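# Observations on chain architecture
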Amino acid sequence: QVQLVESGGGLVQAGGSLRLSCKASRSIFSFASMGWYRQAPGKQREVVAVFTRAGNTNYSDSVKGRFSISRDNAKNTVYLQMSSLEPGVTAVYYCNAVYFACYYWGQGTQVTVSS
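Summarised in this report is the structure supplied together with it. Note that the coordinates shown come from a computational prediction; the quantities given were computed from them, not determined experimentally.

## A look at the state of the cysteines
- One pass over the full model with this rule turns up one disulfide.
- Shown here is the disulfide that connects Cys 22 with Cys 95, its sulfur atoms set 2.0 Å apart. The chirality of the disulfide connecting Cys 22 with Cys 95 is left-handed, given an S-S dihedral of about -80°. Placement of Cys 22 in strand 3 (residues 18-24) and of Cys 95 in strand 9 (residues 91-99) is noted, with a sequence separation of 73 residues between them.
- Residue classification places Cys 22 among the buried positions, given a relative accessible area of 0%.
- A relative accessible area of 0% places Cys 95 in the buried class.
- Unpaired in this structure, Cys 102 has its nearest cysteine sulfur neighbour in Cys 95, at a distance of 16 Å.
- Among the residues examined, Cys 102 registers a relative accessible area of 39% and is labelled partly exposed.

Right, here's the structure in full:
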């Protein structure tokens, strides 16, 4: 089993920044991938940014250059630094880890960007 605990969401004005954190209950090296998804009201959940075990980093085209994913292996934590925020990125952001072909999700953290 894997537990993922997110933090760092909130309300921010357009142009501002936020950093999300996701702490895993086990070493992040044990995951096939780990990263962030989001789901806006009335829309499907979509990938934002992920690390793969091979060390690659994949970003959604919509966030390239504005969002940055990073990790602290010693803390089993992955971060999502979000900058130049705009109302269009308002969503619930979910941490995800793939472990032995199973998808694990955090509880989600709300990010709201006001205009």
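## Some points on unusual backbone geometry
- Its identity is not glycine, yet Asn 76 carries a phi of approximately 55°, on the positive side.
- Looking at the secondary structure, you find Asn 76 in the loop between strand 7 (67-72) and strand 8 (77-82).
- A relative accessible area of 18% means that Asn 76 is categorised as buried.
- One non-glycine residue with positive phi stands out, namely Ala 101, at about 70°.
- Topologically, Ala 101 is positioned in the loop between strand 9 and strand 10 (102-105).

Calculation notes
- Residues numbered from 1 in each chain as written.
- Predicted model: local features only at pLDDT ≥ 70, side-chain atom pairs only at ≥ 80, totals over all residues.
- Heavy atoms only, no water.
- Disulfide = S-S within 2.5 Å.
- Helix = DSSP H or I, 4+ residues; strand = E, 2+ residues; numbered from the N terminus.
- Buried < 20%, exposed > 50% of the residue type's maximum accessible area, 1.4 Å probe, protein only.

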